Amino acid sequence: MFFHRQELQFKATPDQPDAVFARKLQELLGGQYGEITVAMQYMFQGWNMHIPGKYRDLVFGIASEEFGHVEMLATMIAQLLEKAPIGVTGDALQDDPTVAAVIGGMDVQHAIVAGAGARPVDSNGNPWQGSYITGSGNLLADFTANANAEMQGRTQAARMYHMTNDSGVRDLLSFLIARDTMHQNQWAAAAKELQAEGYELMPTPSNFPQSKEYQAVSYQYLNFSDGKSAAEGSWASGPTPDGKGEFSYHDGPTTTAPMPPPTHPDSRMYGTTELPNTIEKTAGSVQDKLNRE
């Protein structure tokens, strides 16, 4: 059940309209790591979770907060667009060069499609996609993905903070950045607690028997680049983070296999093979007549 309260978690009022910055702010709303993504990602993780209790409650709690962040950004964008120019043209040119510059930098669909309102798109106008969300059902994998989403979102918000001098916009960004700080730490803590309680371990999924993987390469660093410095990292020697092996470093692969011969698909796929064209044509005709593969 959802209930909407018509108030914001934090103030979202700019000092003045700015149609160009409204377009930039769309990235935090509808971009790959925007608020729509994390809200939907956490909700789907909750809906698909297989255990009750604190982890499910955590996911639903943060997801619900993120929908509030969607609302704050949409509200801010609408206010930034409040004085957006219509951009009436004369002789194929803007009558006012200032207006022309604004129109050139704003998302014109803010005006044409949304009537000076926010849209579920990124800063280039690309529609938000459900493929952005991660909800695998494996909580360690998902919580790690959640921490990454918060890190990416915080990075983008921090960059955007320096793209405006509007104190109202900066206040909102400052708040969102702080909540990203909290959520990064929450997901990191949840991932650590999952492992401490034995729900899931590394390597994930931990309930897939490692005896079934090709263990000879499980902890090998295979360097496929001509850079040599990677050998100096902790990932190239010493104990592995999962505590189940020792890293080793190798220049290039430790395995090799011959390339299989070219495939020969059904003649009716009309791929070019080394067989004579007449044979391919005949084979296709015969298969059609026999009504079989």
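The paragraphs below set out a description of the structure included in this document.

Rules of the game
- Residues numbered from 1 in each chain as written.
- Predicted model: local features only at pLDDT ≥ 70, side-chain atom pairs only at ≥ 80, totals over all residues.
- Heavy atoms only, no water.
- Helix = DSSP H or I, 4+ residues; strand = E, 2+ residues; numbered from the N terminus.
- Buried < 20%, exposed > 50% of the residue type's maximum accessible area, 1.4 Å probe, protein only.
- Expected span 1.5 Å × (residues − 1).
- Pairing = 2+ DSSP bridges.
- Polar contact = N/O pair within 3.5 Å; in protein donor to acceptor, adjacent residues only side chain to side chain.
- Contact = heavy atoms within 4.5 Å.
- Phe/Tyr/Trp six-rings, centres within 6.5 Å; stacked < 30°, edge-to-face > 60°.
- Salt bridge = Lys/Arg side-chain N within 4 Å of Asp/Glu carboxyl O.

## Re the environment of Thr13
Mapping Thr13 onto the fold places it in the segment before helix 1 (19–30). On the basis of relative accessible area, Thr13 is assigned to the partly exposed category, the value being 47%. When the C-alpha atoms of Thr13 and Leu80 are compared, they prove to be 8.6 Å apart, with 67 residues separating the residues in sequence.

## A word on helix 2 (residues 35–47)
Compared with an ideal rise of 1.5 Å per residue, which puts 13 residues at 18 Å, helix 2 spans 18 Å between its outermost C-alpha atoms and is within 8% of the ideal. The element helix 2 is extensively covered by neighbouring structure, given that 10 of its 13 residues are classed as buried. Among all positions in helix 2, only Glu35, Ile36, Thr37, Val38, Ala39, Gln41, Tyr42, Met43, Gln45 and Gly46 are buried.

## Focus on the environment of Lys281
As for its placement among the helices and strands, Lys281 is situated in helix 8 (residues 277–290). Taking the C-alpha atoms as reference points, Lys281 and Ala118, separated by 163 residues in sequence, lie 57 Å from one another.

## Considerations on the sheet that holds strand 5 (residues 246–251)
The 3 strands are arranged 3-5-4 in an open sheet whose pairing can be described as mixed. Strand pairing shows two members of the sheet lacking a second neighbour, strand 3 (220–223) and strand 4 (238–239), which therefore form its edges. Inspection of the sheet shows strand 3 paired to strand 5 by 4 bridges, in the parallel sense. Across the sheet, Leu222 pairs through a bridge with His250, a residue of strand 5.

## Describing the pairing of strand 5
As defined by bridge partners, strand 4 adjoins strand 5 across 2 bridges and the pair is classed as antiparallel. By the bridge assignment for strand 5, Pro239 is matched with Glu246. Linking strand 4 back to strand 5 in an antiparallel pair, the connection comprises 6 residues, with Gly243 at a positive phi of about 70°.

## Examining the side chain of Asp107
Structurally, the position occupied by Asp107 is in the loop between helix 4 (97–105) and helix 5 (108–112). Only 3.4 Å separates the side chain of Asp107 from the side chain of Arg119, close enough to count as a polar contact. Once residues within four sequence positions are removed from consideration, Asp107 is found in contact with Arg23, Arg119, Val121 and Gly125.

## Looking at the packing of aromatic side chains
Under the counting rule described, the total for this entry stands at 8 aromatic pairs. Aromatic pair Tyr55 and Tyr199: ring centres 5.8 Å apart, planes at 80°, arrangement edge-to-face. Taken together, the residues Tyr55 in helix 3 (residues 54–80) and Tyr199 in the loop between helix 7 (167–196) and strand 3 connect sequence positions 144 residues apart. One aromatic cluster in this structure is built from Tyr42, Tyr55, Phe143, Trp187 and Tyr199.

## So, unusual backbone geometry
Most peptide bonds take the trans form, and the phi angle of most residues other than glycine is negative. Geometrically, the link from Met202 to Pro203 is a cis peptide bond, its omega value of -5° lying close to zero. Cis peptide bonds are those with omega within 30 degrees of zero, and the linkage from Thr204 to Pro205 qualifies with -5°. As for its placement among the helices and strands, Pro205 is situated in the loop between helix 7 and strand 3. Even without being a glycine, Ala116 presents a positive backbone phi close to 70°. With respect to the helices and strands, Ala116 occurs in the loop between helix 5 and helix 6 (139–161).

## Focus: the pattern of salt bridges
A complete count under the given rule lists 6 salt bridges for this structure. Two residues, Glu193 and Lys54, come together in a salt bridge whose shortest N-O distance is 2.4 Å. Taken together, the residues span a long stretch of sequence, with Glu193 in helix 7 and Lys54 in helix 3 at a distance of 139 residues. With a relative accessible area of 34%, Glu193 lands in the partly exposed category. Between Asp107 and Arg119 there is a salt bridge whose closest N-O contact spans 3.4 Å. Here Asp107 is found in the loop between helix 4 and helix 5, whereas its partner Arg119 is found in the loop between helix 5 and helix 6, with 12 residues between them in sequence. Neither residue differs from the other here; Asp107 and Arg119 are each classed as buried. Each of the salt bridges in this network shares a partner with another, and the network as a whole consists of Lys54, Glu193 and Glu197.

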